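Reading the structure
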Amino acid sequence: MNHRKTSTKRNDDASSDALHQYEDTDGHFSFVRNFRLADLVTIMNGVCGSFSMFSSANYLLSNDRDYLWSALAFPLAGLLFDFFDGKIARWRKSSSLIGQELDSLADLISFGVAPALLAFTVGLRTYLDTVVLTGFICCGLARLARFNATVALVPKDEAGKAKYFEGLPIPSSLALVAVLSYWTKMGWIEGQEGIPLGTITLWGAAEGTGEIHLVSIIFGCWAAAMVSKTLRVPKI
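Residues numbered from 1 in each chain as written. Predicted model: local features only at pLDDT ≥ 70, side-chain atom pairs only at ≥ 80, totals over all residues. Heavy atoms only, no water.

1. Focus on the overall build of the chain
As a reminder of what qualifies: We count a stretch as a helix when DSSP gives it H or I for four or more residues in a row; a strand needs E for two or more, and each element gets its number in order from the N terminus. Burial here depends on accessible area, computed with a 1.4 Å probe over protein chains only, as a share of the maximum for the residue type. Under 20% is buried, over 50% is exposed, and the range in between is partly exposed. It only takes one pair of heavy atoms within 4.5 Å for two residues to be counted as in contact. Method for areas: the Shrake-Rupley scheme with a 1.4 Å probe, in which residue coverage is limited to the protein chains shown.
Counting secondary structure elements, the chain contains eight helices and four strands. Seen in sequence order, the chain has helices and strands lined up from the N terminus as α-α-α-α-α-α-β-α-β-β-α-β. Taken across its 236 residues, the chain has 38% of its residues classed as buried. Looking at the chain alone, contacts between residues at least 24 apart form 72% of all its contacts between residues at least 6 apart. For the chain, the computed accessible surface area is about 13500 Å², with 64% contributed by carbon and sulfur atoms.

2. Points about unusual backbone geometry
The backbone of Leu197 sits at a positive phi, close to 75°, despite the residue not being glycine. One can find Leu197 in the loop between helix H7 (174–186) and strand E2 (199–201). If you check the backbone angles, Glu207 has positive phi at about 65° while not being a glycine. Looking at the element boundaries, Glu207 is found in the loop between E2 and strand E3 (211–213). By relative accessible area, which is 70% here, Glu207 ends up exposed.

3. Here's the deal with the side chain of Thr126
Filter applied, for reference: Identification of polar contacts relies on pairs of N or O atoms within 3.5 Å, with a donor-acceptor requirement for protein atoms, meaning one able to donate a hydrogen and the other able to accept it, and with residues adjacent in sequence counted only if both atoms are side-chain atoms.
As for its placement among the helices and strands, Thr126 is situated in the loop between helix H5 (97–122) and helix H6 (127–150). Among the polar contacts made by the side chain of Thr126, one reaches the side chain of Asp129 at a distance of 3.0 Å. Other than its neighbours up to four places away in sequence, Thr126 contacts Glu211, Ile212 and His213.

4. Comments concerning H7
Inclusion rule: By this rule, a helix spans an expected 1.5 Å times one less than how many residues it contains. Throughout, the arc means that of the directions going from the helix axis to the C-beta atoms.
Over its 13 residues, H7 runs 18 Å from end to end, which matches the ideal 18 Å to within 8%, given 1.5 Å per residue. Leu174, Leu176, Val177, Leu180, Ser181, Trp183 and Thr184 are the residues of H7 that are buried. Buried residues of H7, seen end-on, are gathered within an arc of 160° and therefore sit on one face of the element. Residue Gly187 follows H7 closely and has a positive phi angle near 80°.

5. Observations regarding the packing of aromatic side chains
Defined as follows: Note on aromatic contacts: the rings of Phe and Tyr and the six-membered ring of Trp form a pair at centre separations within 6.5 Å, being stacked when their planes are under 30 degrees apart, edge-to-face when over 60 apart, and tilted otherwise.
Using the criterion set out here, one finds four aromatic pairs in the structure. Between Phe83 and Phe84, the aromatic rings sit 5.2 Å apart at their centres with planes inclined by 80°, giving edge-to-face as the arrangement. Of the residues examined, Phe83 reaches a relative accessible area of 48% and is grouped as partly exposed. Judged by centre distance (5.5 Å) and plane angle (75°), the ring pair of Phe136 and Phe219 falls under edge-to-face. One end of the pair, Phe136, is in helix H6; the other, Phe219, is in helix H8 (residues 216–226), and 83 residues separate them in sequence. With relative accessibility at 1%, the residue Phe136 sits in the buried group.

See below:
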């Protein structure tokens, strides 16, 4: 018990010291000036996710396939930035609490909201589809919050890195983006041949609020896997 209290106090002291660095500078843009290189790389992850969402919106307005392909490509670019921000932080030995929060928020944009909007863009547009996609985003949000709160409790390797992820990490949603890319290439999207497997009607009339695409179940299962407590994915 005493060891646990000592460890908690040490973590609290470290967090307090990390926060003080943002109190010791004045000026309107002092916070931005305190950004580390790794923080800027993390923000670029969020930029990629934002561009993906705007490209999806432009496709819905113009039906220009170039916008759709851009929307599908930007999350992959975000993954590259997500990979390198940690490498740079360890290389520069300059990790921070702000960087951790930025990383989670950028991941939510690029690997949560952007893929869900892409799914809507290619054709998952029924009322129940949007319920499932909203659940997908919220599960990604909860998964990131849990990671930030419990990462210190996960067993570490000799290098100090967590040995595994609890639940699917949210960047794994790029596998779904890859599927959407294949559908786009094959023309299996709204306005062309339509989404594979079609829809079922759970209640009411066809094309009503009770209609759902069968492939939405994949997004629902992916969401459940992200918040799973027992699923442990080895960290590469």
